[in-house]
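# Secondary and tertiary structure notes
Here's the letter readout for the chains.
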Amino acid sequence: MPTWNFEYKSFREDYNKLGGKDRGSGQHFCCWQCDESLTGQRYVLRDDHPYCIKCYESVFANSCEECSKIIGIDSKDLSYKDKHWHEACFSCSKCRQSLVDKQFGSKSEKIYCGNCYDAQFASRCDGCSEIFKAGTKKMEYKTRQWHEKCFACVVCKTPIGTKSFIPREQEIYCANCYEEKFATRCVKCNKIITSGGVTYKNEPWHRECFTCSNCSTSLAGQRFTSREDKPFCADCFGELFAKRCYSCKKPITGIGGTRFISFEDRHWHNDCFMCASCQSSLVGRGFITDGEDIICPDCAKAKLM
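Keep in mind it's a predicted model, so treat the numbers as computed, not measured. (Residues numbered from 1 in each chain as written. Predicted model: local features only at pLDDT ≥ 70, side-chain atom pairs only at ≥ 80, totals over all residues. Heavy atoms only, no water.)

Along the polypeptide, Gln145 turns up in strand S9 (residues 144–147). Taking the relative accessible area as the measure of exposure, Gln145 reaches 14% and is therefore buried. Only 3.5 Å separates the side chain of Gln145 from the side chain of Lys138, close enough to count as a polar contact. Leave out the neighbours within four places in its chain, and Gln145 touches Ser123, Arg124, Cys125, Asp126, Phe132, Lys138, Met139 and Glu140. (Helix = DSSP H or I, 4+ residues; strand = E, 2+ residues; numbered from the N terminus. Buried < 20%, exposed > 50% of the residue type's maximum accessible area, 1.4 Å probe, protein only. Polar contact = N/O pair within 3.5 Å; in protein donor to acceptor, adjacent residues only side chain to side chain. Contact = heavy atoms within 4.5 Å.)

Set out below in structure tokens:
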């Protein structure tokens with residue numbers, strides 16, 4: 001809260017000095033303003049000229065800011081920023097407590113005691129909503145401000161002080177709590193992924209954690225496929241789940257765009273789908289079954305002759 005000092009202004013009464021005139025000469029001693037005799041009367045000197053009380057107060061006295069009445073020579077004139085008050089009128093605009101010899105604040109042409117000024121105008125902590133008292137250390141970030149003890153992590157309540165912090169949705173987090181609460185974690189080991197990582201089915205993995213579910217070979221950067229949401233390398237998937245070629249007995253994985261032919265309950269790699277007699281490719285051609293074998297039409301005709 002800003003503080004100011006005010007000054008008392010008193011009026012000098014002088015019954016000896018005659019404004020440069022000699023009382024002993026018999027010359028008429030009168031008010032400089034109204035010319036009324038001042039002999040035996042109270043008067044005030046201003047700029048070495050005598051004034052009766054009435055004229056002095058009419059011409060020179062200040063008006064009270066509070067009651068608008070003249071502050072006479074028998075009253076104390078309390079002044080602040082070209083404004084004047086009777087001693088009894090110099091009080092807080094809100095609670096009316098006397099401000100004589102006390103700290104006060106000014107706002108919008110009004111004066112307030114310390115408590116009322118703080119309650120109405122002092123900035124407040126975004127943490128506890130209490131005011132910042134004079135001399136209190138203030139922690140600021142963007143448009144927000146806190147007491148030093150209130151500027152703390154929302155999770156662990158540890159004061160941030162000069163340590164690094166991360167703001168998120170109007171809350172303040174220390175680095176450790178932020179990582180624990182918001183950092184990306186590997187779906188397999190549940191530890192924080194600090195760099196790199198692999199995304200599979202919209203879930204994050206450490207590269208070293210993203211392995212074949214059967215042989216544990218790393219799949220990062222490798223061809224793989226999945227079964228029941230579990231990743232497998234090509235070899236393991238073929239051995240465990242793939243159809244097998246009727247001709248070469250090797251798995252038909254389908255990885256990398258491998259094409260295959262199916263007939264009844266049998267399957268062939270494209271390259272293995274050949275006539276059992278002449279070994280010509282039957283892909284895209286008609287064929288005839290010969291027991292467990294398949295043969296091209298030409299070989300079938302030759303067998304019939």
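Structure shown, so let's carry the discussion forward.
Another aspect to go through is helix H2 (residues 114–121). Looking only at H2, the buried set comprises Gly114, Cys116, Tyr117 and Asp118. Next to the buried residues of H2 lie strand S6 (104–107) and strand S7 (110–113).

For the rest of this paragraph, the subject is the packing of aromatic side chains. Here the structure, examined in full by the defined rule, presents 24 aromatic pairs. A network of ring pairs unites the aromatic residues Tyr246, Phe263, Trp268, Phe273 and Phe287 as a single cluster. A cation over a ring is seen here: Lys249 above Tyr246, with NZ or CZ 4.7 Å from the ring centre. The side chain of Arg266 reaches across the aromatic face of Tyr246, ending 4.8 Å from its centre. (Phe/Tyr/Trp six-rings, centres within 6.5 Å; stacked < 30°, edge-to-face > 60°. Lys NZ or Arg CZ within 6 Å of the ring centre and 35° of its normal.)

The residue Ser262 is located in strand S18 (residues 260–263) in this model. Through-space distance from the C-alpha of Ser262 to that of Tyr246 is 9.7 Å; in sequence the pair is 16 residues apart.

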